[in-house]
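# Observations on the model geometry
Next come the chains, spelled out residue by residue.
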Number of protein chains: 2
Amino acid sequence: MYPAETIKQLVSLSREEEHLVDGLFESRQMAKDQNLLSYGQVCHLVGLVEKGCLRYFMLKDGEEITYSFAQAGDFVSNYESFLNRAPSNKIIKSVEDTKIWLLHREHLDRIYREVKAGNRFGRLVIEKVFVETLRQLSSYYTDSPTERYLKFNTEYPELVQRIPQYLIASYVGVKP
Amino acid sequence: MYPAETIKQLVSLSREEEHLVDGLFESRQMAKDQNLLSYGQVCHLVGLVEKGCLRYFMLKDGEEITYSFAQAGDFVSNYESFLNRAPSNKIIKSVEDTKIWLLHREHLDRIYREVKAGNRFGRLVIEKVFVETLRQLSSYYTDSPTERYLKFNTEYPELVQRIPQYLIASYVGVKP
């Protein structure tokens, strides 16, 4: 899969724009347990997951609070850090072998400038990430562990088989 | 003030586009304590405050938790409800006499379609609102009442004089 294929599900691209966009992303193969974004680092990229899984977590009293996962087809970023150029208080880490397409800040700006539907693409992606982030954070603060366990099973049915139990526990909010 | 003036601080508009945009917003004069968005209502609009003040709050065990304020020049919306067409669990209410310009969903879509920099405008506004929402929600969950009191004084220096003490207490997170 190349990024333009996924982007074309959101906005239309000419053949030239497809080539441009595919050239602006670079692919990275991540082993399990590698950080895409570390604590305190400024986030300068938006990722598009091709295969594998990443998780978002925060640290609270030294404990990892997993609040979201990203799977194939998902866009990944900490926009709060990205937009403010502020050190991230969230960590994004691979849960298993993961292939991801990365778009650096300056390349995203090129898409905004040079692709006709670039700003529309940017708006639609940030809308998705915004809503998902708010939904996941609200759920973390307001839902009970049981509700979160049920939601996890509904939202990530394939992950249940693939990822370690302690990560599910960290998402649900109970000790394993 | 007309909306196009504020929008031109974010993107450039032709004279025709300015007229179009100003015609798509409608102004509303709100008395104190009126809801712009009620609990359970789907949010179909984005507002731009010209004068006055609104507050955002959630209900928790029947209590009002004020997590943000909007002042002159701020864009106001519950994007989570707007984008998902989902009932709002947040309430937006005037704190004092307020003049606001309202843009309904279908008119925002017209701006996306008919204004050259429409999507760029939409992207920049959602970026501002996204970052501000995350910042305010994170602060609510992680900062102490003292930190929140200090932040309130720094971020809203003029409001301290204008709004009732119990609203500041509701924002800070202490009983008045």
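## Overview of the packing of helix H6 (residues 145-155) of chain A against helix H8 (residues 165-172) of chain A
How two helices sit against one another is set out by the angle between their axes and by the gap between those axes. All names here are of chain A. For the pair H6 and H8, the least separation of the axes is 8 Å and the interaxial angle reads 125 degrees. Overall, the two elements H6 and H8 adopt an arrangement that is oblique. Relative to H8, H6 is oriented so that their crossing is right-handed. Here Pro145, Arg148, Tyr149, Phe152 and Glu155 of H6 lie close against H8, whose contacting residues are Ile168, Tyr171 and Val172. Grouping the amino acids of the contact of H6 with H8 by side-chain chemistry returns 6 nonpolar, no polar and 2 charged.

## So, the layout of surface pockets
Put simply, the largest pocket is a space of about 880 Å³. As for the largest pocket, its lining consists of 35 residues, of which Leu137, Ser138, Ser139 and Tyr141 of chain A together with Tyr141 of chain B are closest to the centre. Secondary-structure elements contributing two or more residues to the lining of the largest pocket are strand E4 (53-60) and helix H5 (118-142) of chain A together with strand E4 (53-60), helix H3 (79-84) and helix H5 (118-142) of chain B. By residue number, the principal contributor to the lining of the largest pocket is H5 of chain A, which donates 7 residues. Along the lines of polarity and charge, the residues of the lining of the largest pocket split into 16 nonpolar, 11 polar and 8 charged. The space that makes up the second largest pocket amounts to roughly 490 Å³.

## Some details on the pattern of salt bridges
All chains considered together, the criterion is met by 22 salt bridges over all chains. Between Glu80 of chain B and Lys90 of chain B there is a salt bridge, with its nearest N and O atoms 3.2 Å apart. Placement of the pair is Glu80 of chain B in helix H3 and Lys90 of chain B in strand E7 (residues 90-94), with a sequence separation of 10 residues. We classify Glu80 of chain B as buried; its relative accessible area is 14%. On the accessibility criterion, Lys90 of chain B (4% relative accessible area) is buried. Residue Glu158 of chain B is joined to Arg162 of chain B by a salt bridge in which the shortest nitrogen-to-oxygen separation is 3.7 Å. Classification of Glu158 of chain B by relative accessible area gives exposed; the value is 53%. For Arg162 of chain B, a relative accessible area of 38% gives the class partly exposed. Each of Glu96, Glu158 and Arg162 of chain A takes part in a single network of salt bridges with overlapping partners.

## As for the confidence of the model for chain A
Looking at chain A as a whole, the pLDDT averages 91, with 99% of positions reaching at least 70. Reported confidences for the modelled complex are a pTM of 0.83 and an ipTM of 0.78.

## Quick notes on the side chain of Lys90 of chain A
Among the polar contacts listed, one links the side chain of Lys90 of chain A to the side chain of Glu80 of chain A, at a separation of 3.2 Å. When neighbours within four sequence positions are excluded, Lys90 of chain A is seen to be in contact with Leu37, Ser38, Phe57, Met58, Tyr67, Asn78 and Glu80 of chain A.

## Observations concerning the interface of chain A and chain B
Contact residues are listed per partner, giving 20 residues for chain A and 20 residues for chain B. Overall, the association of chain A and chain B removes approximately 2000 Å² of surface from exposure, summing both partners, and the carbon and sulfur fraction of that is 72%. Area buried by chain A at its contact with chain B is led by Arg123, Phe130 and Leu134 of chain A, which between them contribute 30% of it. The tally of links from chain A across to chain B stands at 0 salt bridges. Between chain A and chain B we count 2 residue pairs in polar contact (both at pLDDT 80 or more) in total. Looking at the side of chain A that touches chain B, the elements that each hand over two or more residues are helix H3 (79-84) and H5 of chain A.

## Considerations on the side chain of Thr98 of chain B
Residues and elements named next belong to chain B. Relative to the elements of secondary structure, Thr98 occurs in strand E8 (residues 98-104). A polar contact of 3.1 Å, which involves the side chain of Thr98, links it to the backbone nitrogen of Cys53. Separated by 2.8 Å, the side chain of Thr98 and the backbone oxygen of Glu96 make a polar contact. Once residues lying within four places of it in the same chain are set aside, the contact partners of Thr98 are Arg28, Gln29, Met30, Val49, Lys51, Gly52, Cys53 and Leu54.

## Structural notes on the environment of Glu80 of chain A
Taking the C-alpha atoms as reference points, Glu80 of chain A and Asp97 of chain A, 17 residues apart in sequence, are found 26 Å from one another. Excluding anything up to four places from it in sequence, Glu80 of chain A contacts Lys90 of chain A together with Val131, Leu134, Arg135 and Ser138 of chain B.

Each value, and the rule that gives it
- Residues numbered from 1 in each chain as written.
- Chains lettered and ligands numbered in written order.
- Predicted model: local features only at pLDDT ≥ 70, side-chain atom pairs only at ≥ 80, totals over all residues.
- Heavy atoms only, no water.
- Axes fitted to C-alpha atoms, helices over the stretch in contact; angles between N-to-C directions.
- Helix = DSSP H or I, 4+ residues; strand = E, 2+ residues; numbered from the N terminus.
- Parallel < 35°, antiparallel > 145°, perpendicular 65-115°, else oblique.
- Left-handed = near helix turned anticlockwise from the far one by under 90°.
- Contact = heavy atoms within 4.5 Å.
- Nonpolar A, V, L, I, M, F, W, Y, C, P; charged D, E, K, R; others polar.
- 1 Å grid on protein atoms, 1.4 Å probe; cavity = no way out; pocket = protein on both sides within 12 Å on 5 of 7 lines; lining within 4 Å.
- Points joined across faces, edges and corners; volume = space filled by probe spheres on them.
- Salt bridge = Lys/Arg side-chain N within 4 Å of Asp/Glu carboxyl O.
- Buried < 20%, exposed > 50% of the residue type's maximum accessible area, 1.4 Å probe, protein only.
- pLDDT = per-residue confidence, 0-100.
- Polar contact = N/O pair within 3.5 Å; in protein donor to acceptor, adjacent residues only side chain to side chain.
- Buried area = accessible area lost by both parts, 1.4 Å probe.

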